[in-house]
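Fold and contact review
These are the residues of each chain, in order.
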Amino acid sequence: MRSVSRRRRSPSAVTVFIAAVMAVAAAIGGVMTVRNVVAAFTDVGTGNVAAVVAVVVAIAPSLSTVVDAGNLARRLRRIAGRTRVAAPLAVAVWINGRSRSWQAEDWRAALTESPRPSRYGLGLVAAAVQMRLYDLGGLLVRSARWVLASNRRTWWPLGPLLVFAAVNVHRSQGWGSAFYTLPTIIGFHIGVEWLRHRWEITVKPRRSTEDPDGEQTDRA
Amino acid sequence: MTEPAPKVRLTTTTRLVLDLFLATGPDDPLWGYRITEETGLGPGIVYPLLERLEKARWITATWETGVSEDRPRRRFYTLSGTGRQQYAALRAVRERLPRWKWAPGGARH
C-alpha cells in the first residue's frame, strides 16, 4: 500500500513566462522610479516643497504598475491552474458519453481530493478511453456471438468465401496447391466450433414445420 | 439473445482491488480515489475495473449521502455476497494449480 507524498513541482512554462513579464515590468518601473526620485530630491535640496509631492507622484504609478502586473500574473496562474484540472475532466466526460455521465460527479469529487488533480485528470481520460474500447470490444463480441449462434449465419458467408479461395488457388496454381486449401477449410470449422464451445453458444436448432402427413420437414 | 455478465479474470490488479475490499469492513466504504491511493494503481486502471466488477455484480455501488453542498458526492463501492463467494472460489482454484518456479542450478523446491 502506498502513502501519499507531495513532491515539489518544477515551474511550468506559463509560470516562467509570467515571472519574466513581471521581472521586465518591475525593472522598467524601477528605473523610472529611481530617475524620478533622484530628480525630485535634487529639487528638495534646493528647498522646493512641491518636490516632495513630486516624489510621491513619481513613485505611485511605478508601484501600481508592479502591483497590477502581480495581480495579473496571479489571476493568469489561477486560470491556468483551473484549466489544467478542468480540461482533462471535460475531455474524459465527453469520451465517456451520455450513458456514463453520472460518473462526472464522482470524478469531480476525486479531483477535489487529489493533491495532483491535473495528473489525476489525465488518468481519468485514460479510464474513459479504456471503458469506450471495452464497449467496442463488447459490441464486436456480441455481433460474433449472434453470427455463431446460427449455422446459416456462420457458413453462408464463410462457405462461398472458402470455395472461392480454393477455386482461385486452383486457377492460378493448379490442383496441387488447391488441395492444400483443405486444411484451411478444416481449420475454419475447428475454429468456429472452438469459439462456440468457449463462449458457451448453443447453435439455434433448424426451423421445422409439420407437414400435413405429420412428418417434420427441415427448411433451413 | 441476452448479454451474459462479464467474466472476471483474476489479474494482479483485480486481486489487489478485491483484497482491499476484503480488508475493509462493511462500515468503511471505498470510493474510486481511495482505491487508487490504497492500492497505488492509477485511475486509468481502477475505474474500468470497478465498472467491470459492478457489471459482474461482484460489487455494489451507492452514492454518498449527507454531503455538504461545496463538494460533489462520492460513489461508494462494497463487495457483494456474490463477489465474496466467487472470489473465494476462484482463489481456491488458483491455489490448487501447480506453481512453477525457476530455481537456479536446476533445483526445484
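Residues numbered from 1 in each chain as written. Chains lettered and ligands numbered in written order. Predicted model: local features only at pLDDT ≥ 70, side-chain atom pairs only at ≥ 80, totals over all residues. Heavy atoms only, no water.

Details of the pattern of salt bridges
All names here are of chain B. The final tally for this structure, using the stated rule, is 13 salt bridges over all chains. A salt bridge links Asp19 to Arg91, with the shortest nitrogen-to-oxygen separation between them at 3.6 Å. Here Asp19, found in helix α1 (residues 12-23), pairs with Arg91, found in helix α4 (residues 81-96); they are 72 residues apart in sequence, far enough to count as distant. Classification of Arg91 by relative accessible area gives partly exposed; the value is 32%. Taking the shortest distance from any N to any O, the salt bridge between Glu54 and Arg75 comes out at 3.2 Å. (Salt bridge = Lys/Arg side-chain N within 4 Å of Asp/Glu carboxyl O. Helix = DSSP H or I, 4+ residues; strand = E, 2+ residues; numbered from the N terminus. Buried < 20%, exposed > 50% of the residue type's maximum accessible area, 1.4 Å probe, protein only.)

Quick look at α1 of chain B
All names here are of chain B. For α1, spanning 12 residues, the distance from its first C-alpha to its last is 16 Å, which sits close to the expected 16 Å at 1.5 Å a residue. By the burial criterion, the buried members of α1 are Thr14, Val17, Leu18, Leu20 and Phe21. Each buried residue of α1 lies within a common arc of 150° when the element is viewed along its axis, so the set occupies one face. Along α1, exposed side chains directed more than 90 degrees from the buried face belong to Thr12 and Ala23. Turning to α1, the residues buried within the fold contact β1 (30-31), α2 (32-39), α3 (43-55), β2 (59-63), β3 (75-79) and α4. (Expected span 1.5 Å × (residues − 1). Arc of directions from axis to C-beta. Contact = heavy atoms within 4.5 Å.)

A word on the layout of surface pockets
Each pocket or cavity is described by its volume, and for the largest pocket that value is around 1,200 Å³. Tyr134 and Val141 of chain A together with Ala5, Pro6 and Lys7 of chain B are, among the 30 residues lining the largest pocket, the residues nearest its centre. Among the elements of the structure, α4 (117-148) of chain A together with α1 and α3 of chain B are those that each provide at least two residues to the lining of the largest pocket. In this structure, the lining of the largest pocket is formed jointly by two domains, domain 1 (13-136) and domain 2 (149-206) of chain A, each of which donates at least three residues. (1 Å grid on protein atoms, 1.4 Å probe; cavity = no way out; pocket = protein on both sides within 12 Å on 5 of 7 lines; lining within 4 Å. Points joined across faces, edges and corners; volume = space filled by probe spheres on them. Domains from an automatic or database assignment.)

Considerations on the sheet that holds β1 of chain B
Residues and elements named next belong to chain B. Judged by pairing direction, the sheet is antiparallel, and its 3 strands sit side by side in the order β1-β3-β2 without closing on themselves. The sheet is open, and its two edges are formed by β1 and β2, each paired on a single side. Its contacts with the sheet place α3 against β2 and β3, and it is angled at close to 110° to β2. (Pairing = 2+ DSSP bridges. Axes fitted to C-alpha atoms, helices over the stretch in contact; angles between N-to-C directions.)

Regarding the pairing of β3 of chain B
Residue and element names in this part refer to chain B. With 4 of its 5 residues buried, β3 lies for the most part within the structure. The pairing of β1 with β3 spans 2 bridges and is classified as antiparallel. The partner of Trp31 across the bridge, within β3, is Phe76.

A look at the nonpolar core
Formed by 19 residues in total, the largest nonpolar core has its most connected members in Phe21, Ile35 and Leu53 of chain B. Ile35 of chain B has contacts with Val17, Leu20, Phe21, Leu30, Gly40, Val46 and Leu50 of chain B, leaving out every residue within four places of it along the chain. (Core = buried A, V, L, I, M, F, W, Y, C linked by side-chain atoms within 4.5 Å.)

Quick word on a positive patch on the surface
Residues and elements named next belong to chain A. A surface patch of like charges, here positive, comprises Arg74, Arg75, Arg77, Arg78 and Arg82. Examined against the element boundaries, Arg74 turns out to sit in helix α2 (residues 50-96). Classification of Arg74 as partly exposed rests on a relative accessible area of 45%. (Patch = residues over 30% accessible without salt bridge, like charges linked within 9 Å, V, L, I, M, F, W, Y side chains within 5 Å. Areas by Shrake-Rupley, 256 points an atom, 1.4 Å probe, with all protein chains shown as cover. Lys, Arg positive; Asp, Glu negative; His and termini not counted. Charge placed at Lys NZ, Arg CZ, Asp CG, Glu CD.)

What about the side chain of Ser80 of chain B?
Residues and elements named next belong to chain B. Along the polypeptide, Ser80 turns up in the loop between β3 and α4. Under the relative-accessibility criterion, Ser80 is labelled buried at 10%. Polar side-chain contacts of Ser80 include one of 3.1 Å to the backbone nitrogen of Gly83. (Polar contact = N/O pair within 3.5 Å; in protein donor to acceptor, adjacent residues only side chain to side chain.)

Overview of the confidence of the model for chain A
Per-residue confidence for chain A gives a mean pLDDT of 79; residues scoring 70 or more make up 81%. Taking the mean pLDDT of every element in chain A, the minimum, 45, falls on strand β2 (residues 216-218) of chain A and the maximum, 92, on α4 of chain A. (pLDDT = per-residue confidence, 0-100.)

Focus: the packing of aromatic side chains
Applying the stated criterion across every chain yields a total of 4 aromatic pairs over all chains. Aromatic side chains Trp107 of chain A and Tyr47 of chain B sit 5.6 Å apart centroid to centroid with 70° between the ring planes, which places their arrangement in the edge-to-face category. Of the two residues, Trp107 of chain A sits in helix α3 (residues 103-113) while Tyr47 of chain B sits in helix α3, which places them in two different chains. A residue is classified by how much of its surface remains accessible, and Trp107 of chain A, at 0% relative accessible area, is buried. (Phe/Tyr/Trp six-rings, centres within 6.5 Å; stacked < 30°, edge-to-face > 60°.)

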